[in-house]
Amino acid sequence: SAVISQKPSRDICQRGTSLTIQCQVDSQVTMMFWYRQQPGQSLTLIATANQGSEATYESGFVIDKFPISRPNLTFSTLTVSNMSPEDSSIYLCSASRTGDHNEQFFGPGTRLTVL
Amino acid sequence: QKEVEQDPGPLSVPEGAIVSLNCTYSNSAFQYFMWYRQYSRKGPELLMYTYSSGNKEDGRFTAQVDKSSKYISLFIRDSQPSDSATYLCAMSKNTGNQFYFGTGTSLTVIP
């Protein structure tokens, strides 16, 4: 398994500002993902963070709004840019390794409130 | 139509009851089926993992997959208050592919 930590665990931000969320894995992983989880909604994949190259974004999510970095095999960041109240959500980082029976390990999440 | 449908509940049962949680899906390409448990203010953790159709048992938990009906289930026997959580089904087409999640079913087991 892999242990994933996220910082910050929660934040309250003002409209128009940006927040960067950090995700740290305790061991090397093949793939890292960023999800958004809103109340009563399923987990929505924002993007796959690719090590050494640009992230792969899902439909409805763009790099200008959610820039992602992945400088190595254990760390990734997600920035929520120019925030609005609609961005209030829980943001989850997950990771998987080749051969780990398709398991994704999740971080505890970052609870974001935008005023 | 959503890829994965899951009744959000909430579901409330007495301690010791058998719990049945279900998901349906529309894409016949899904081959990997997972159940995650998520406690309040925590990230999801993998409970059960099944490839293709069939049953899988792990302690008090049994996962069933019926690909012909596009229907998966998670059974919890002798439910405990510590089982109170949100249960999410997830599925994917292949290893390393995108996961598609249900909305989650909120379960409360009453002592």
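Treat the numbers as computed from the prediction; the structure is a model and nothing was measured.

Participant: It is not clear to me how the overall build of chain B should be interpreted in this structure. Could you clarify?
Facilitator: Each helix and strand in chain B was counted, giving zero helices and 11 strands. Tracing chain B from N to C terminus, the helices and strands come up as β-β-β-β-β-β-β-β-β-β-β. Its C-alpha atoms give chain B a radius of gyration of 13 Å, within 12% of the compact-globule value 13 Å for 111 residues. C-alpha extents for chain B along the principal axes are approximately 40 × 25 × 25 Å. Out of the 111 residues belonging to chain B, those deemed buried represent 43%. In chain B, the proportion of contacts linking residues at least 24 apart, taken out of those at least 6 apart, comes to 54%. Here chain B has roughly 5,200 Å² of accessible surface; of this, 46% comes from carbon and sulfur atoms.

Participant: Got a minute to help me understand the state of the cysteines in this structure?
Facilitator: The term disulfide refers to a covalent linkage connecting the sulfur atoms of a pair of cysteines. Residue and element names in this part refer to chain A. Tallied over the full model, the rule gives two disulfides over all chains. The disulfide that involves Cys23 links it to Cys93, with 1.9 Å between the sulfurs. Residues Cys23 and Cys93 are joined by a disulfide whose S-S torsion is about -65°; by sign, that bridge is left-handed. Of this pair, Cys23 sits in strand β3 (residues 19–25) while Cys93 sits in strand β9 (residues 89–96), and the two are 70 residues apart along the sequence. For the residue pair Cys23 and Cys93, the accessibility class agrees, reading buried in each case.

Participant: Honestly, the interface of chain A and chain B in this entry has me stumped. Any pointers?
Facilitator: Many structure descriptions define interface size as the accessible area lost when the parts assemble. Taken together, the contacts link 19 residues of chain A with 21 residues of chain B. With both sides pooled, the region where chain A packs onto chain B buries about 1,600 Å², and carbon together with sulfur makes up 53% of that total. On the surface where chain A and chain B come into contact, there are zero salt bridges. Between the two partners, chain A and chain B, sit two residue pairs in polar contact (both at pLDDT 80 or more). Class assignment for the residues of the side of chain A that touches chain B results in seven nonpolar, eight polar and four charged.

Participant: Could you clarify how one ought to interpret the pairing of strand β4 (residues 32–38) of chain B in this entry?
Facilitator: As a general feature of sheets, a regular strand has side chains that alternate between the two faces. Residues and elements named next belong to chain B. Of all seven residues making up β4, seven are buried, and the element is well covered by its neighbours. Side chains Tyr32, Met34, Tyr36 and Gln38 of β4 all project onto a buried face; the interleaved residues Phe33, Trp35 and Arg37 project onto the opposite face, where all are buried too. Direction of pairing for β4 relative to strand β5 (residues 45–51): antiparallel, over a ladder of six bridges. Pairing of Trp35 across the sheet is with Met48, part of β5. Where β4 lies against strand β9 (residues 85–92), seven bridges are found, and the strand directions are antiparallel. If you follow Trp35 over to β9, its bridge partner there is Cys89.

Participant: Please explain unusual backbone geometry as it appears in this structure.
Facilitator: Excluding glycine, residues mostly carry a negative phi; peptide bonds, for their part, are mostly trans. Cis geometry marks the peptide bond from Lys7 of chain A to Pro8 of chain A, where omega comes out at -10°. Following the sequence through the fold, Pro8 of chain A ends up in the loop between β1 (4–7) and β2 (10–13). Cis geometry is found at the peptide bond from Gly9 of chain B to Pro10 of chain B, where omega equals 10°. A positive phi angle, near 65°, is found at Arg41 of chain B, a position not held by glycine. Topologically, Arg41 of chain B is positioned in the loop between β4 and β5. When its relative accessible area of 54% is taken as the criterion, Arg41 of chain B is described as exposed. In this model, Asp78 of chain B sits at a positive phi of 45°, which is unusual for a non-glycine residue.

Participant: Got a minute to help me understand the sheet that holds strand β8 (residues 75–80) of chain A in this structure?
Facilitator: Hydrogen bonding along the main chain pairs the strands of a sheet, whether they run parallel or antiparallel. Residue and element names in this part refer to chain A. One open sheet accounts for four strands, arranged β1-β3-β8-β7; its pairing is antiparallel. Each having just a single partner strand, β1 and β7 (68–72) make up the two edges of the open sheet. Taking the axes of each pair of neighbouring strands and ignoring which way they run, one obtains an average angle of 15° across the sheet. Alignment of β7 against β8, held across three bridges, turns out to be antiparallel. By the bridge assignment, Ile68 is partnered in β8 with Leu78.

Quick notes on the rules
- Residues numbered from 1 in each chain as written.
- Chains lettered and ligands numbered in written order.
- Predicted model: local features only at pLDDT ≥ 70, side-chain atom pairs only at ≥ 80, totals over all residues.
- Heavy atoms only, no water.
- Helix = DSSP H or I, 4+ residues; strand = E, 2+ residues; numbered from the N terminus.
- Rg over C-alpha atoms; globule rule 2.2 N^0.38 Å.
- Buried < 20%, exposed > 50% of the residue type's maximum accessible area, 1.4 Å probe, protein only.
- Contact = heavy atoms within 4.5 Å.
- Areas by Shrake-Rupley, 256 points an atom, 1.4 Å probe, with all protein chains shown as cover.
- Disulfide = S-S within 2.5 Å.
- Buried area = accessible area lost by both parts, 1.4 Å probe.
- Salt bridge = Lys/Arg side-chain N within 4 Å of Asp/Glu carboxyl O.
- Polar contact = N/O pair within 3.5 Å; in protein donor to acceptor, adjacent residues only side chain to side chain.
- Nonpolar A, V, L, I, M, F, W, Y, C, P; charged D, E, K, R; others polar.
- Pairing = 2+ DSSP bridges.
- Axes fitted to C-alpha atoms, helices over the stretch in contact; angles between N-to-C directions.

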